[in-house]
Amino acid sequence: MLDLIVRNGTVVTPAGVEHVDIAVADGIIVGLFQSGHGEPPEAARTVDAAGLLVVPGGIDPHVHTNSVLPTAAESGIKCFGPDRVSEGAVHGGTTTLIDFAHWKPGEELWQSFERKGKEWSGSSYTDYALHGTFAQPEIPFEVLDQVPEVVAAGHGSFKVWMTNTTPTRPKQKTDVGHIWALMEKTAEAGAMLCVHGEDDDIVMYAYKRLQREQKTAVPYMPDAHNALSEQLSFQRVITLARHVGAPIYLMHVSAAEGIEAIREARGREQPVYGEVLPHYAYYTAEDYKRENGVIYHTYPSLKSAADRDAMWHSLVAGTLSTLATDGVCTDLDVKTRGQTILDATGGHAGVEVRMAVAYTEAVVRRGLPLNRFVDFTSANAAKIMGLYPHKGAIAVGSDADFALMETGLEWKITAADLHEADYTPWDGYEAAARNRLTVLRGQILVENGALRSPSPGGRLLKQSLSSDVASRPAC
Ligand SMILES: [Zn+2]
Ligand SMILES: [Zn+2]
């Protein structure tokens, strides 16, 4: 007998939009049957999805948990942990999160994954994976040599920073020579290299100039974290990747110039992938001027209306591949503690509403087909981070991860509706869709707004990048 059958939904599969019943056993999709044709197979639990949109559980490939916030370093305040973030995620229909395992000098590379993995193990409602990160100017040769073994163990992505972000926070930039060395290792081992692309020289000079002119209020953020910096750093790292023959993933693309650099690279068939954040595709630098405008901020920065519009255009055109949140979940008092370009806390709450906002902006406001909505909320992240087709697809053999979304709504979002923080940068936003039921590996986690899962049962996922994704712009 089946464990679960989801009947009568409008289901987005890799083949298109279909009216199929989804049969699940042992956490896996074992069959897709035309709805309404013959008697459905017997199942321990039947969910009637009539009138609901059924999509692969969302994948957010960029969230931070338990990070000490640079602006609150002295007090040691951290953003929320996997328990809180994953609870918000499953309420919103996201079933996989990817966080960061920071390597520390003196330890072996596998130890950083083990340390971060312990924070997630037994604490997460979603499945999860970890990007290895190097927040050091130099990566020792012996650590570079450990890259193949951790990739073989299933950790298929790494991240580096090209800037220290602000003059005041702990250093995190890796020198380009060492990024080159790491890229050679990741490419050879078959892993993805994720990059925070900003030109450190430009950013740090801009800070000096702005401080001299006493222009340090948050609305000056785009002057410090500007489009030129994004363009220069993207061009530099793309050139490096072309030289090495490495696939790269550019996180939080914020400017039209950054998109153009990605478009050019993909035009040469280079495997370069770009990520948008929902608020970069909705808000602009004008929103920094609102009361508590810092709640809309994530590094690099919000830009102009033209940049914002370019984000959606690029998702439609397929130049950019994923919609991630760069989630740094805190309550409002922590998020608003820094009120200048020197101490503003980056990242914010947003994991929970990502799917609803994406549906509203992409499908309803811009008429994108449903399969494209699935691409950038789930399938592409799975492909780029080596989780496909276990994740990111409603197909026979894939993990039974679904979001059942009610559409045609006018849901005015308030923080009180949500589970991730006491504020939301999406307060008052009218969403046209809302997640109603979430399934992870065949288990119903959320139903009618309530958490059904007795305990967090998320698992660490093994990443394995396909040669297609590693060798050309495959999605
Ligand atoms: Zn970043
Ligand atoms: Zn981030």
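These remarks concern the structure in this document. Predicted model, so just to flag it, every value in this text is computed and none were measured.

**Quick word on the pairing of strand S4 (residues 20-25)**
The two faces of the sheet receive side chains in turn, since in a regular strand these alternate between them.
Here is step 1 of the chain: Buried residues dominate S4, accounting for six of its six residues.
Here is step 2 of the chain: Of the two faces of S4, the one lined by Val 20, Ile 22 and Val 24 and the one lined by Asp 21, Ala 23 and Ala 25 are each fully buried.
Here is step 3 of the chain: Sheet analysis places S4 next to strand S5 (residues 28-34), joined by six bridges and oriented antiparallel. Bridge pairing in S5 links Ala 23 to Gly 31.
Here is step 4 of the chain: Here S4 hands over to S5 after two residues, with Asp 26 in that stretch at a positive phi of 50°.

**Comments concerning the coordination of the zinc ion (ligand 2)**
Here is step 1 of the chain: Protein-derived ligands of the zinc ion (ligand 2) are His 62 (NE2), His 64 (NE2) and Asp 326 (OD), with the metal-ligand distances lying across 2.0 to 2.2 Å.
Here is step 2 of the chain: Mapping the donors of the zinc ion (ligand 2) onto the primary sequence yields the spacing H-x1-H-x261-D.
Here is step 3 of the chain: A separation of 3.9 Å is found between the zinc ion (ligand 2) and the zinc ion (ligand 1).
Here is step 4 of the chain: Given a relative accessible area of 0%, His 62 falls into the buried group.

**Some remarks on empty space enclosed by the protein**
Here is step 1 of the chain: Scanning all chains against the criterion turns up one cavity of 30 Å³ or more.
Here is step 2 of the chain: Approximately 30 Å³ is the volume attributed to the largest cavity.
Here is step 3 of the chain: Together, Pro 278, His 279, Thr 325, His 348, Gly 350 and Trp 426 line the largest cavity.

**Looking at the nonpolar core**
Here is step 1 of the chain: The biggest cluster of nonpolar side chains holds 101 residues, and the ones touching the most others in it are Phe 158 and Leu 250.
Here is step 2 of the chain: Sort the elements by how many residues they give to this core and helix H12 (residues 354-364) lands first, with seven residues.
Here is step 3 of the chain: Taken together, domain 1 (2-56 + 394-451) and domain 2 (79-389) each give at least three residues to this core, which thus spans both.
Here is step 4 of the chain: Residues contacting Leu 250, with those up to four places away along its chain left out, are Val 195, Phe 234, Val 237, Ile 238, Ile 262, Val 272, Tyr 273, Gly 274 and Glu 275.

**Quick notes on the coordination of the zinc ion (ligand 1)**
Here is step 1 of the chain: Protein coordination at the zinc ion (ligand 1) comes from Lys 159 (NZ), His 196 (ND1) and His 252 (NE2), with a distance range of 2.1 to 2.7 Å.
Here is step 2 of the chain: Each donor residue of the zinc ion (ligand 1) lies on one chain, and together they are spaced K-x36-H-x55-H.
Here is step 3 of the chain: When its relative accessible area of 2% is taken as the criterion, His 252 is described as buried.

**Comments concerning the packing of H12 against helix H13 (residues 370-384)**
Here is step 1 of the chain: H13 packs onto H12 with a crossing angle of 140° between their chain directions and a minimal axis gap of 10 Å. With respect to each other, H12 and H13 are oriented oblique. Between H12 and H13 lies a crossing of right-handed hand. The segment H12 lies against H13, with Arg 354, Met 355, Ala 358, Tyr 359, Ala 362 and Val 363 engaging Leu 370, Phe 373, Phe 376 and Thr 377.
Here is step 2 of the chain: Residue classes in the contact of H12 with H13 are distributed as eight nonpolar, one polar and one charged.

**Quick notes on the sheet that holds strand S1 (residues 2-7)**
Here is step 1 of the chain: One open sheet accounts for four strands, arranged S5-S4-S1-S6; its pairing is mixed. Single-partner strands in this sheet number two, and they are S5 and strand S6 (43-48). Taking the axes of each pair of neighbouring strands and ignoring which way they run, one obtains an average angle of 20° across the sheet.
Here is step 2 of the chain: Summarising the sheet, S1 and S6 pair through five bridges and their orientation is parallel. Looking at the pairing, Leu 2 lines up with Ala 43 of S6.

What counts, and where the lines are drawn
- Residues numbered from 1 in each chain as written.
- Chains lettered and ligands numbered in written order.
- Predicted model: local features only at pLDDT ≥ 70, side-chain atom pairs only at ≥ 80, totals over all residues.
- Heavy atoms only, no water.
- Buried < 20%, exposed > 50% of the residue type's maximum accessible area, 1.4 Å probe, protein only.
- Helix = DSSP H or I, 4+ residues; strand = E, 2+ residues; numbered from the N terminus.
- Pairing = 2+ DSSP bridges.
- Donors = N, O, S within 2.8 Å, 3.2 Å for Na, K, Ca; no water.
- 1 Å grid on protein atoms, 1.4 Å probe; cavity = no way out; pocket = protein on both sides within 12 Å on 5 of 7 lines; lining within 4 Å.
- Points joined across faces, edges and corners; volume = space filled by probe spheres on them.
- Core = buried A, V, L, I, M, F, W, Y, C linked by side-chain atoms within 4.5 Å.
- Domains from an automatic or database assignment.
- Contact = heavy atoms within 4.5 Å.
- Axes fitted to C-alpha atoms, helices over the stretch in contact; angles between N-to-C directions.
- Parallel < 35°, antiparallel > 145°, perpendicular 65-115°, else oblique.
- Left-handed = near helix turned anticlockwise from the far one by under 90°.
- Nonpolar A, V, L, I, M, F, W, Y, C, P; charged D, E, K, R; others polar.

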